[in-house]
Amino acid sequence: MNRYAFGLLVVLATSLMGSSFAVGKVGLSYVSPLLLVGIRFTLAGAIMALAVTLKNRRLPVITQDWARLLLIGVFQTTAVMGCIFLSMRTIPSGETSILTFVNPLLVVVLGRVFMGLRYRLYQWIGVIVGFAGVFVTLGFHMQFSIGTLLGLGSALAWAIATLLVKKWGGRFDNWVLTAYQMLFGGLLLLVLSLSMETPRLILNWTSSGVILYLVILGSIVQFATWYYLLSKGDPGKTSALLFLAPFFGVLSGWLILGEVIHWYVYVGGIGIFIGIFLVNWKAKNKIGRKMD
């Protein structure tokens, strides 16, 4: 693939990932958090599920595989997105994006502990540098706010989802996996909205625009572009480019919301980006125990 086209698609995917934080925070003025993400992923998942059905993509044929898709959706969509949007009620969207994208560092730790995966020295250095970056991002102290804990919770849930996809992803068509984990996760978010919050939906041009942006650009286009990049480039090296997403998250928070981010957040963010880069760079060379 032409390197310039590849680079443009990387910028497109990561900018959509990052900007979804700021756009989503705008939407919180009109829609309650869990309802907003529930609408976003139920609609996006339903559209993609219809598309994969029309294209005759291979669907699961046993109940256990549908259960696996549901579990992936619980972590990848329900837990990750629920934590992100609840987090942004109390801390800046840029800070939430930085904390969320700590997930590749947690993948290394959890993968080693629970799956027996082995990593190279520079990847462990990346973990140490990344967690040091988190400490700096939090202002050199460990007095976590609820928003901070939720931001880190989204990273933990994403890391668990990543390991589940590593374990079971080969059983599914990628497009089917994406569609149904979003649909199942989105439906569960709607249920949680009814049981855990007072649902609020104010429909106007702004809120409708936010929902359309998150459904079409922030979900369908973003995932389609990212999976296309993973299919065309080396997955390890391509995944290392995820460090661009929190950069766009901070940038969009400043441009759209006028958020002021303290200097130590930028310094810590740089540490996190370096850590993520070291963990992912040449990831295809790491040696791991064969998984079921």
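Structure first, text after, so check above.
Since we're looking at a predicted model, the values are computed, not measured.

Visitor: Explanation requested: the environment of N204 in the structure shown.
Guide: Along the chain, N204 falls in the loop between helix 8 (174-196) and helix 9 (205-232). Counting along the chain gives 174 residues from N204 to Y30, while the straight-line C-alpha distance between them is 8.6 Å. Within the local environment of N204, its side chain forms a polar contact with the backbone nitrogen of T206, the two atoms lying 3.0 Å apart.

Visitor: How should the packing of helix 2 (residues 33-54) against helix 8 be read in this particular structure?
Guide: Packed helix pairs are specified by the crossing angle of their axes together with the interaxial distance, meaning the distance between the axes. Between helix 2 and helix 8, the shortest axis-to-axis distance is 7 Å and the interhelical angle comes to 150°. Considered as vectors, helix 2 and helix 8 are oriented roughly antiparallel to each other. Of the two elements, helix 2 crosses helix 8, and the hand of that crossing is left-handed. Grouping the constituent residues of the contact of helix 2 with helix 8 by class yields 21 nonpolar, seven polar and no charged.

Visitor: Could you clarify how one ought to interpret the environment of R171 in this entry?
Guide: Structurally, the position occupied by R171 is in the loop between helix 7 (146-168) and helix 8. Judged by relative accessible area, which is 37%, R171 ranks as partly exposed. Each C-alpha atom of the pair R171 and R68 lies 9.8 Å from the other, and the pair is 103 residues apart in sequence. Once you skip the residues sitting within four places of it in the chain, R171 turns out to touch R58, I62, D65 and R68.

Visitor: Explanation requested: the packing of aromatic side chains in the structure shown.
Guide: Pairs of aromatic rings are described using the distance from one ring centre to the other and the angle between the two planes. Scanning all chains against the criterion turns up three aromatic pairs. Consider the rings of W66 and Y180, whose centres lie 5.1 Å apart with planes at 80°: the pair is edge-to-face. With W66 in helix 3 (residues 63-87) and Y180 in helix 8, this residue pair connects regions lying 114 residues apart in the sequence. Their ring planes at 65° and their centres at 6.2 Å tell us that W66 and F184 sit as a pair that is edge-to-face. On the criterion of sequence distance, the pair formed by W66 in helix 3 and F184 in helix 8 is long-range, its members being 118 residues apart. Taking relative accessible area as the criterion, F184 reaches 21% and is therefore assigned partly exposed. Three or more aromatic residues link up through ring pairs in this structure, and these residues are W66, Y180 and F184.

Visitor: Which parts of the structure should I look at to understand the pattern of salt bridges?
Guide: Between side chains of opposite charge, a pair can form when the charged atoms approach closely. All told, the structure shown has three salt bridges when counted by the stated rule. The salt bridge partner of D173 is R57, with a shortest N-O separation of 3.1 Å. Here D173 is found in the loop between helix 7 and helix 8, whereas its partner R57 is found in the loop between helix 2 and helix 3, with 116 residues between them in sequence. Judged by relative accessible area, D173 falls into the buried class, the value being 14%. When its relative accessible area of 32% is taken as the criterion, R57 is described as partly exposed.

Criteria and cut-off values
- Residues numbered from 1 in each chain as written.
- Predicted model: local features only at pLDDT ≥ 70, side-chain atom pairs only at ≥ 80, totals over all residues.
- Heavy atoms only, no water.
- Helix = DSSP H or I, 4+ residues; strand = E, 2+ residues; numbered from the N terminus.
- Polar contact = N/O pair within 3.5 Å; in protein donor to acceptor, adjacent residues only side chain to side chain.
- Axes fitted to C-alpha atoms, helices over the stretch in contact; angles between N-to-C directions.
- Parallel < 35°, antiparallel > 145°, perpendicular 65-115°, else oblique.
- Left-handed = near helix turned anticlockwise from the far one by under 90°.
- Nonpolar A, V, L, I, M, F, W, Y, C, P; charged D, E, K, R; others polar.
- Buried < 20%, exposed > 50% of the residue type's maximum accessible area, 1.4 Å probe, protein only.
- Contact = heavy atoms within 4.5 Å.
- Phe/Tyr/Trp six-rings, centres within 6.5 Å; stacked < 30°, edge-to-face > 60°.
- Salt bridge = Lys/Arg side-chain N within 4 Å of Asp/Glu carboxyl O.

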